[in-house]
Amino acid sequence: MRDLKLLKSMVEINSSTVDGQNKMIELLKNYLSPHANKIKIIGKERKNILAFFGDMKSKNILLFNGHVDTVSASKDDFKFNPFSLVEQDDVLFGRGTGDMKGGIYCTLNAIIRAKNEKLLKDKLIIFAGTCDEETGSDSEFGASAVVDYFLTENLIPSACLIPEPNKFNAPLKINLGHRGLIWIKAVSTGIKMHSGSVHKEDNAIVSLEDFLHSLRKKLTNQPKKDKKGIPCSSARVTNIKSDNDEFNVVPDLCECNIDVRVSPLDKNKDILKMIQKLAVKYGIKLEVLKNTPSSMIKRKERILQELVGVCEEENFEYEIGYSSATCDAHFFNNAKIPTVVGLGVDAKNVHANDECISKKSFQKCEDVMFNLIKRW
Ligand SMILES: [Zn+2]
């Protein structure tokens, strides 16, 4: 029987809050202390954990990163309490089970198993549990603070794996990169007037509408993939409101939120320049709220070769691709730590109601990590 105690305790913490994320770090610290050679907590108000296993002097370093935060969940929207691990027909429900407490759970099992089997003689394995990923992967407190620590200590991992979830019963997805994002608030102004008037209107809603219409001609709202399977840039309007509640008044202010996702093949600054040009044309003011770069590693990187080797050896079906979502991998890649995203547990409803994972996928996920460590 698989011991689910750690996973259960993780799901019971609501780590959509700062307090919950610090509790997660405390839980991992207590859990890992008997096993790790060294534990290092990074950050004061917002904590991260580093746990070191194996040969502390080795330069052959493999890093596993898991973010400890989740998006929020409401008890009313979930079939079961999202903050308790509920099992039904081999499926485990709970917020964060897929993204990505299940991945963290399997990673730690794999590291401890490799340690107990004395496979860490010539290598250093580091687990980094980091905070504040779900707010746009641009935080200075999470993975970014961990990378700063690596740089000041001159302790640069040779590669990193972030076990973000896989789809149910799908081939294992090995992601070489992820899209970036730009979160923009667009504000349009006009002149308030009686909507029954025969005078020419300067309607804030219409100007914004025209701007969004031409933006849609430049950037699709339905993300596509190119021939190589790389997700294209896209833009989606996620909120729109005016300052007016009256049925018969033309508003003088209208604003919307646009979530722009940037392909690993595009640059944030080029996409932003294009949107700014359109904004000038339609008299729209833009406020950039977040600007997180995309990232991508080369196919020749050792981490990819080893992962492909593991999958082929174990006869696991796999697929090399790119993540359409944004994550913290860019922080590591920018510090020249080649990072692969994926190979976590099989999950459904990530970021949605009734998030759940397949218990059957645990063994495969753990075996991938274990064999990767063994090969490293
Ligand atoms: Zn995630």
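Calculation rules
Residues numbered from 1 in each chain as written. Predicted model: local features only at pLDDT ≥ 70, side-chain atom pairs only at ≥ 80, totals over all residues. Helix = DSSP H or I, 4+ residues; strand = E, 2+ residues; numbered from the N terminus. Rg over C-alpha atoms; globule rule 2.2 N^0.38 Å. Buried ≥ 20, exposed ≤ 12 C-beta atoms within 10 Å, placed from the backbone. Contact = placed C-beta atoms within 7 Å. Pairing = 2+ DSSP bridges. Domains from an automatic or database assignment. Nonpolar A, V, L, I, M, F, W, Y, C, P; charged D, E, K, R; others polar. Expected span 1.5 Å × (residues − 1). Axes fitted to C-alpha atoms, helices over the stretch in contact; angles between N-to-C directions. Parallel < 35°, antiparallel > 145°, perpendicular 65-115°, else oblique. Left-handed = near helix turned anticlockwise from the far one by under 90°. Arc of directions from axis to C-beta.

Participant: Kindly report on the overall build of the chain, identifying the contributing residues and their values.
Facilitator: In terms of helices and strands, the chain carries nine helices and 20 strands. The C-alpha radius of gyration computed for the chain amounts to 23 Å, which stays within 12% of the reference 21 Å derived for 376 residues, consistent with globular compactness. Projected onto its principal axes, the C-alpha positions of the chain cover 85 × 45 × 40 Å. Expressed as a percentage of the 376 residues in the chain, the buried residues total 45%. Pairs at least 24 apart in sequence give 77% of the contacts found in the chain among residues at least 6 apart.

Participant: Describe the environment of Arg-216, naming the residues involved and giving the relevant values.
Facilitator: For Arg-216, the position within the fold is in helix α5 (residues 204-218). For Arg-216, a count of 15 C-beta atoms within 10 Å corresponds to the partly exposed category. It is 28 Å that separates the C-alpha atoms of Arg-216 and Leu-176, two residues lying 40 residues apart in sequence.

Participant: Could you give me a rundown of the sheet that holds strand β5 (residues 91-93), with the residues and numbers involved?
Facilitator: The strand order β4-β5-β20-β19-β8 describes an open sheet built from five strands, whose pairing is mixed. Edge positions in the sheet fall to β4 (86-88) and β8 (166-167), since each of these pairs with one other strand and no more. Examined bridge by bridge, β4 and β5 share three bridges and lie antiparallel to one another. Note that in β5 the partner of Val-86 across the bridge is Phe-93.

Participant: For unusual backbone geometry, give the residues involved together with the corresponding values.
Facilitator: The peptide bond linking Asp-99 to Met-100 adopts the cis configuration, its omega dihedral lying at -10°. Examined against the element boundaries, Met-100 turns out to sit in helix α3 (residues 97-116). Positive phi, normally seen in glycine, also occurs at Lys-336, with a value near 65°. Positionally, Lys-336 belongs in the loop between α8 (329-334) and β18 (339-342). Positive phi outside glycine occurs at His-351, with the angle close to 65°. With respect to the helices and strands, His-351 occurs in the loop between β19 (346-348) and β20 (356-358). Taking the C-beta count within 10 Å as the criterion, His-351 has 14 such neighbours and is therefore assigned partly exposed.

Participant: Just give me the short version of the domain arrangement of the chain, but keep the residues and values in it.
Facilitator: Here the domain parsing of the chain yields domain 1 (5-178 + 295-375) and domain 2 (181-292). Taken over C-alpha atoms, the centre of domain 1 sits 35 Å from the centre of domain 2. In the side of domain 1 that touches domain 2, the residues fall into two nonpolar, eight polar and one charged.

Participant: I'd like to hear about helix α6 (residues 268-282), residue by residue, with values.
Facilitator: Taking 1.5 Å as the rise per residue, α6 with 15 residues should run 21 Å; its terminal C-alpha atoms sit 21 Å apart, in good agreement. Gly-283 sits one or two positions beyond α6 and adopts a positive phi of about 65°.

Participant: Tell me what's going on with the packing of helix α7 (residues 302-314) against helix α9 (residues 361-375), and back it up with residues and numbers.
Facilitator: Where α7 meets α9, the axes come as close as 9 Å, and the angle between the chain directions of the two elements is 120°. On the basis of their axis angle, the class for α7 and α9 is oblique. Between α7 and α9 the crossing geometry is right-handed. Together, Glu-306, Leu-307, Gly-309, Val-310, Glu-313 and Glu-314 of α7 and Asp-367, Val-368, Asn-371, Leu-372 and Arg-375 of α9 make up the contact between the two elements. Along the lines of polarity and charge, the residues of the contact of α7 with α9 split into four nonpolar, two polar and five charged.

Participant: Describe the sheet that holds strand β15 (residues 284-292), with residues and values.
Facilitator: Read across the sheet, four strands follow the order β12-β14-β10-β15 without closing on themselves; strand pairing throughout is antiparallel. This sheet does not close on itself; its edge strands, each paired only once, are β12 (234-242) and β15. Looking at each pair of strands side by side, their axes are set apart by 15° on average, direction ignored. Two elements, β12 and strand β14 (residues 253-262), share eight bridges in a ladder whose sense is antiparallel. From the neighbouring strand, Ala-235 faces β14, where its bridge partner is Val-260. α5 rests against β10 (180-189), β12, β14 and β15 of the sheet, and its axis sits at about 150° to β10. Strand contacts of α6: β10, β14 and β15, with the helix running at about 165° to β15, the strand carrying the most contacts.

Participant: An account of the environment of Asn-116 is needed here, citing residue identities and associated values.
Facilitator: Note that Asn-116 resides in helix α3. The class for Asn-116 is exposed, based on 10 C-beta atoms found within 10 Å.

Participant: Describe helix α2 (residues 18-32), and please don't skip the residues or the numbers.
Facilitator: Relative to the 21 Å expected for 15 residues at 1.5 Å per residue, α2 spans 21 Å between its end C-alpha atoms, a close match to the ideal helical length. Residues of α2 that are buried: Gln-21, Asn-22, Met-24, Ile-25, Leu-28 and Leu-32. All buried residues of α2 fall inside an arc of 150° around its axis, so they share one side. Seen from the buried face of α2, the exposed residues on the opposite side, beyond 90 degrees, are Asp-19 and Asn-30. Looking at the buried positions of α2, the neighbouring elements they touch are α1 (5-12), β1 (38-42), β2 (48-54) and β6 (124-130).

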